[in-house]
Amino acid sequence: VDGDGKTVSVPQESRVDWGGGKSPEWNQLFEFEGLVEPASYRLEMTVLDKETWLGFKGRVANWLGSEERLGSVTFDLCHLDECMSWQHKEIMFSTSTLKVAFNTVGR
């Protein structure tokens, strides 16, 4: 999201960690390419809890299940260093911690 609140990239969604319980791990890579001024943008993240219906998982659960919004957080990308290494951050929201790693690929 840019300074005016406009979306600058296509929203991305992780897979559901059905067996994650209270400490889910996604370990997924999301790439945001073509950002003109990355340091002037914010990354908005929302965490949802997907409930299953009668133990169904996958496509059936997506159709029959419900989602509860656990929290949202915004991270200003200006806090990242321009480097090739991964930058690990812990972002607090609500009563949880979201652990993420960023890589600016030197830009």
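Residues numbered from 1 in each chain as written. Predicted model: local features only at pLDDT ≥ 70, side-chain atom pairs only at ≥ 80, totals over all residues. Heavy atoms only, no water.

**Regarding the overall build of the protein chain**
So the rule is basically this: Each helix corresponds to a stretch of at least 4 residues labelled H or I by DSSP, and each strand to a stretch of at least 2 residues labelled E; elements are numbered beginning at the N terminus. A 1.4 Å probe rolled over the protein chains alone gives each residue an accessible area, and that area as a share of the maximum for its type sets the label: buried under 20%, exposed over 50%, partly exposed in between. Throughout, a residue-residue contact means that at least one pair of heavy atoms, one from each residue, lies within 4.5 Å. Methods summary: accessible areas were calculated by the Shrake-Rupley approach with a probe of 1.4 Å, and residue burial reflects only the protein chains presented.
Along its length, the protein chain carries one helix and four strands. Order of helices (α) and strands (β) in the protein chain, N terminus to C terminus: β-α-β-β-β. Residues counted as buried form 20% of the 107 residues belonging to the protein chain. Sequence-distant contacts, at least 24 apart, represent 42% of the contacts inside the protein chain between residues at least 6 apart. When the accessible surface of the protein chain is summed, it comes to about 8400 Å², and 49% of that surface belongs to carbon and sulfur atoms.

**Structural notes on the environment of Lys6**
Mapped onto the secondary structure, Lys6 falls in the segment before β1 (42-51). When its relative accessible area of 54% is taken as the criterion, Lys6 is described as exposed. Lys6 sits 35 residues away from Tyr41 along the chain, and the two C-alpha atoms are 9.7 Å apart.

**Thoughts on the nonpolar core**
Most often, soluble globular proteins keep nonpolar side chains buried together rather than apart. Going by this rule: Within this scheme, the nonpolar core is defined by two criteria: the residues are buried Ala, Val, Leu, Ile, Met, Phe, Trp, Tyr or Cys, and they are joined through side-chain atoms within 4.5 Å.
If you look at the biggest cluster of nonpolar residues, it comprises 13 residues, and the most contacted ones within it are Met45, Phe75, Leu77, Leu98 and Phe102. Every element with two or more residues in this core is listed here: β1, β2 (66-76), β3 (87-93) and β4 (96-102). Setting aside chain neighbours within four positions, we find Phe102 in contact with Leu43, Phe75, Leu77, Leu80, Ser85, Trp86, Gln87 and Lys89.

**Quick look at the side chain of Asp2**
Heads up, the condition is: As used throughout, the charge tally considers Lys and Arg to be positive and Asp and Glu to be negative, leaving His and the chain termini uncounted. We count a salt bridge whenever a side-chain nitrogen from Lys or Arg sits within 4 Å of a carboxyl oxygen from Asp or Glu. Residues adjacent in sequence count toward polar contacts only when both atoms are side-chain atoms; beyond that, a polar contact is any pair of N or O atoms within 3.5 Å, and within protein one must be able to donate a hydrogen and the other to accept it.
With respect to the secondary-structure elements, Asp2 resides in the segment before β1. Despite its burial, Asp2 pairs with no opposite charge, the nearest such side chain being Lys6 at 5.8 Å. In terms of polar contacts, Asp2 uses its side chain to reach the backbone amide nitrogen of Lys6, at 2.9 Å. With residues up to four places along the chain from it excluded, the contact list for Asp2 reads Val8, Ser40, Tyr41 and Arg42.

**Observations concerning the packing of aromatic side chains**
To be explicit about the condition: Any two rings among Phe, Tyr and Trp, with Trp reduced to its six-membered ring, count as a pair given centres within 6.5 Å; such a pair is stacked if its planes are under 30 degrees apart, edge-to-face if over 60, and tilted if neither.
As enumerated under the stated definition, the model contains one aromatic pair in all. Plain terms: the ring middles of Phe75 and Phe102 are 4.8 Å apart, the flat faces sit at 10° to each other, and that makes the pair stacked. Here Phe102 lies in strand β4 and Phe75 lies in strand β2, a separation of 27 residues in the sequence. With respect to class, Phe75 is no different from Phe102; both count as buried.

**Overview of the environment of Ser72**
Within the fold, Ser72 resides in strand β2. Of the residues examined, Ser72 reaches a relative accessible area of 32% and is grouped as partly exposed. Placed 25 residues apart in sequence, Ser72 and Val47 show a C-alpha to C-alpha distance of 6.2 Å. Within the local environment of Ser72, its side chain forms a polar contact with the side chain of Thr46, the two groups lying 3.0 Å apart.

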